[in-house]
Amino acid sequence: MHEFKPLVFSGVQPTGNLHLGNYLGAIRKFVALQETNDCVYCVVDLHSLTAQLVHDDLAGQTRSITAAFLASGIDPKKHIVFNQARVLQHAELAWIFNCVARIGWMNRMTQFKDKAGKDRENASLGLLAYPSLMAADILLYRATHVPVGEDQKQHLELTRDIAQKFNNDFSARIAELGLGVEMMMGEEKVNGFFPITEPIIGGPAARIMSLRDGSKKMSKSDPSDLSRINLTDDADTISKKIKKAKTDPEALPSEVDELASRPEAENLVGIYAGLADMSKQDVLKEFGGQQFSVFKPALADLAVEKLSPVADEMRRLIADPGYIDSVLRDGGDRARVIAEGTMKSVHQIIGLLNN
């Protein structure tokens with residue numbers, strides 16, 4: 001092998017209803033990536049246990065995320081769509097990566113600090129080790145690229161650190177077994193079994209904020225349903241929420257840098273840009289100098305046009321759980337073939353007997 005086969009891995013946690021931020025920040029990008037890449041799309045149900053161990057309907061939430069993938073246009077025949085728990089090798093590789101990663105690396109993860117809060121001693125071990133499982137999700141398929149938001153960039157850096165340490169520690173064994181790719185790690189040439197995964201970041205609407213407070217990220221957990229547009233909202237609800245979105249009294253500016261001190265205005269312009277596949281500057285060329293009484297109805301019409309077909313298809317799919325389960329079962333079978341091959345090689349590299 002002279003190089004790693006390009007592959008994109010994408011994962012979404014099944015925690016609550018999906019909203020516009022999930023759609024523009026993640027799922028819509030996943031759909032675009034499938035046109036030019038081989039892709040693995042995973043509902044990471046094991047990860048959801050770090051946020052909440054006891055769920056009212058984890059299976060239903062898993063099906064809902066799958067329905068969103070399919071309704072948005074992801075093709076489960078050309079690519080792999082499955083839920084993480086179907087492929088046991090995710091947990092097996094995560095354990096090995098727990099032994100590769102250093103405690104100091106985990107302690108530096110800002111998301112753990114944020115989620116654990118002041119009572120870190122009462123946080124679950126799973127929350128601390130979450131990035132090792134994320135690394136396993138990606139590297140089990142030896143994915144070369146992963147779309148990530150700003151809040152996951154640090155975790156992908158850890159994935160790269162784990163891959164680099166594994167490759168360094170086992171370079172000679174990897175070469176001996178003929179399982180690696182020659183690569184440069186700094187000034188040293190090593191034989192790497194795992195790729196150093198690259199992030200795919202960006203887009204005009206990568207971070208969508210609350211419709212009620214432009215300083216807070218749009219969230220499933222916000223008590224106000226008016227703060228977000230759910231992917232299952234109907235046309236009237238979408239339109240009503242946008243028209244009630246918080247704004248300021250000023251007209252829209254003509255330049256993007258003038259939005260910096262106006263979070264609600266910047267958020268709505270970003271939503272329009274994301275839905276229309278435009279830059280924020282192009283949106284302001286069209287609407288700069290106009291009041292929100294003009295811009296909001298235009299945004300509402302655009303949102304209804306883009307989101308209503310997704311919502312309608314999601315509702316149809318969720319009403320047919322047997323079909324969704326068949327997609328996940330087929331995807332799990334295909335993912336498992338790749339995962340078993342990876343773990344067979346990992347066993348050989350480490351020295352674990354598996355024959």
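Bear in mind the structure is a predicted one, so any value in this text is a computation, not a measurement.

S.K.: Any chance you could explain the environment of Leu275 here in plain terms?
M.R.: Within the secondary structure, Leu275 sits in helix α11 (residues 263-276). According to the relative accessible area criterion, Leu275 is buried, its value standing at 0%. Sequence-distant contacts of Leu275, that is, excluding residues within four places in its chain, are made with Leu20, Leu24, Arg28, Leu299, Leu302, Ala303, Lys306 and Leu307.

S.K.: Please clarify how a nonpolar patch on the surface should be interpreted in this entry.
M.R.: A cluster of nonpolar side chains, namely Leu49, Leu53 and Val54, defines an oily patch on the protein surface of about 310 Å² accessible area. For Val54, the position within the fold is in the loop between α2 (48-51) and α3 (58-72). In this structure Val54 comes out as exposed when scored by relative accessible area, which is 65%.

S.K.: What is the right way to look at the layout of surface pockets in this model?
M.R.: A water-sized probe rolled over the atoms picks out the places where empty space is left. In this structure, the second largest pocket occupies an estimated 380 Å³ of space. If you go around the second largest pocket, you meet 17 residues; those closest to its centre are Asn98, Leu125, Leu128, Ala129 and Ser132. Listing elements by their share of the lining of the second largest pocket, those giving two or more residues are α4 (89-100), α5 (103-107) and α7 (125-139). The element best represented in the lining of the second largest pocket is α7, accounting for 7 residues.

S.K.: Got a minute to help me understand the packing of aromatic side chains in this structure?
M.R.: Aromatic ring pairs are described here by two measures, namely the spacing of the ring centres and the angle between the planes. The tally for this structure, following the rule as stated, stands at 13 aromatic pairs. Look at Tyr41 and Phe69: their rings are 6.1 Å apart centre to centre, the planes differ by 55°, and that puts the pair in the tilted class. Of this pair, Tyr41 sits in strand β2 (residues 39-43) while Phe69 is found in helix α3, placing the two residues 28 residues apart along the sequence. Ring geometry for Phe82 and Tyr141: centres 6.0 Å apart, planes at 65°, overall edge-to-face.

S.K.: Even after reading the chapter, I still don't get the pairing of strand β1 (residues 8-12), so can you show me in this structure?
M.R.: Strand residues, when the strand is regular, have side chains that alternate between the two faces of the sheet. In terms of burial, β1 is a largely internal element, 4 of the 5 residues being buried. Direction of pairing for β1 relative to β2: parallel, over a ladder of 5 bridges. Directly across from Val12, in β2, lies its bridge partner Val43.

S.K.: How do you make sense of unusual backbone geometry when you look at a structure like this?
M.R.: Most of the time, phi is negative for any residue but glycine, and the peptide bond is trans. A positive phi angle, close to 50°, is found at Arg142, a residue other than glycine. Within the element layout of this structure, Arg142 appears in the loop between α7 and β4 (145-147). Of the residues examined, Arg142 reaches a relative accessible area of 17% and is grouped as buried.

S.K.: Before we go on, may I ask you to explain the nonpolar core in this structure?
M.R.: It is characteristic of soluble globular proteins that their nonpolar side chains tend to be buried jointly. Counting residues in hydrophobic clusters, the biggest one holds 54 residues, and the most contacted among them are Leu20, Phe69, Ile271, Leu275, Phe295 and Leu307. Among the elements that line this core, the one with the most residues is helix α13 (residues 292-318), at 10 residues. In terms of nonpolar packing, the next biggest core, distinct from the first, is built from 45 residues, Val87, Phe112, Leu179 and Ala335 among them.

S.K.: I'm lost on the environment of Tyr41 in this one. Help?
M.R.: Overall, the relative accessible area of 0% leaves Tyr41 in the buried class. Once residues within four sequence positions are removed from consideration, Tyr41 is found in contact with Ser10, Phe30, Gln34, Phe69, Ile74, His79, Ile80, Val81 and Phe82. Within polar-contact distance, the side chain of Tyr41 engages the backbone oxygen of Phe30 at 2.7 Å.

So, how was this worked out
- Residues numbered from 1 in each chain as written.
- Predicted model: local features only at pLDDT ≥ 70, side-chain atom pairs only at ≥ 80, totals over all residues.
- Heavy atoms only, no water.
- Helix = DSSP H or I, 4+ residues; strand = E, 2+ residues; numbered from the N terminus.
- Buried < 20%, exposed > 50% of the residue type's maximum accessible area, 1.4 Å probe, protein only.
- Contact = heavy atoms within 4.5 Å.
- Patch = residues over 30% accessible without salt bridge, like charges linked within 9 Å, V, L, I, M, F, W, Y side chains within 5 Å.
- Areas by Shrake-Rupley, 256 points an atom, 1.4 Å probe, with all protein chains shown as cover.
- Salt bridge = Lys/Arg side-chain N within 4 Å of Asp/Glu carboxyl O.
- 1 Å grid on protein atoms, 1.4 Å probe; cavity = no way out; pocket = protein on both sides within 12 Å on 5 of 7 lines; lining within 4 Å.
- Points joined across faces, edges and corners; volume = space filled by probe spheres on them.
- Phe/Tyr/Trp six-rings, centres within 6.5 Å; stacked < 30°, edge-to-face > 60°.
- Pairing = 2+ DSSP bridges.
- Core = buried A, V, L, I, M, F, W, Y, C linked by side-chain atoms within 4.5 Å.
- Polar contact = N/O pair within 3.5 Å; in protein donor to acceptor, adjacent residues only side chain to side chain.

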